[in-house]
Amino acid sequence: MLLEPPIDELVEKVGNPFKLAVIVGKRAKDLSEELSEEEKEAIPEVTRAVSEVHEGHIVIDEK
């Protein structure tokens, strides 16, 4: 279960929960291809993707 950052803050950043799920899922998939097994074990891909959204590293293009 995701406790930090709060889901409400993440949804507010991207617009709606469905968009959040797609963005985090796509980024996590990219990370799973890029990271080594040791990096994946240290911090899971979904956790990294959520952190990137929360910190503003992922920008949503509305086009």
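Calculation notes
- Residues numbered from 1 in each chain as written.
- Predicted model: local features only at pLDDT ≥ 70, side-chain atom pairs only at ≥ 80, totals over all residues.
- Heavy atoms only, no water.
- Helix = DSSP H or I, 4+ residues; strand = E, 2+ residues; numbered from the N terminus.
- Rg over C-alpha atoms; globule rule 2.2 N^0.38 Å.
- Buried < 20%, exposed > 50% of the residue type's maximum accessible area, 1.4 Å probe, protein only.
- Contact = heavy atoms within 4.5 Å.
- Salt bridge = Lys/Arg side-chain N within 4 Å of Asp/Glu carboxyl O.
- Core = buried A, V, L, I, M, F, W, Y, C linked by side-chain atoms within 4.5 Å.
- Arc of directions from axis to C-beta.

*Asks:* Any chance you could explain the overall build of the protein chain here in plain terms?
*Replies:* When its secondary structure is counted, the protein chain shows 4 helices and 0 strands. Mapped from its N terminus to its C terminus, the protein chain presents α and β elements in the order α-α-α-α. Scaling as 2.2 N^0.38, a compact globule of 63 residues should have a C-alpha radius of gyration of about 11 Å, and the protein chain matches this with 12 Å. Its C-alpha atoms give the protein chain principal-axis dimensions of about 35 × 30 × 20 Å. Per-residue burial for the protein chain yields a buried fraction of 25% across its 63 residues.

*Asks:* I'm lost on the side chain of Glu52 in this one. Help?
*Replies:* By the secondary structure assignment, Glu52 is in helix H4 (residues 45-55). In this structure Glu52 comes out as buried when scored by relative accessible area, which is 17%. If we skip the residues at most four places from it in the chain, Glu52 touches Arg27, Leu31, His57 and Ile58.

*Asks:* Quick question: what am I supposed to make of the pattern of salt bridges here?
*Replies:* One pass over the structure, following the stated rule, counts 3 salt bridges. In this structure, the salt-bridge partner of Arg27 is Glu34, at a minimum N-O distance of 3.8 Å. The exposure class of Glu34 is exposed, given its relative accessible area of 54%. Glu52 serves as the salt-bridge partner of Arg27, at 2.5 Å between the closest nitrogen and oxygen. Remark: Glu52 occurs in helix H4 and Arg27 occurs in helix H2 (residues 17-34); sequence separation between them is 25 residues.

*Asks:* Would you explain the nonpolar core in this entry?
*Replies:* One finds Leu10, Val11, Val14, Leu20, Ile23, Val24, Ala28, Leu31, Leu35, Ala49, Val50 and Val53 forming the largest nonpolar core, which totals 12 residues. Elements represented by at least two residues in this core include exactly helix H1 (7-14), H2 and H4. A total of 5 residues in this core trace back to one element, the largest contributor, which is H2. Among residues more than four places away in sequence, those in contact with Leu35 are Lys40, Glu45 and Arg48.

*Asks:* I'm lost on H1 in this one. Help?
*Replies:* Among the residues of H1, those classed as buried are Leu10, Val11 and Val14. Buried residues in H1, looked at end-on, bunch into an arc of 100°, giving them a common side. Exposed residues on H1 whose side chains face more than 90 degrees from its buried face are Asp8 and Glu12. For H1, the elements touching its buried residues are H2 and H4. Directly beyond the C-terminal end of H1, a positive phi value near 120° is found at Gly15.

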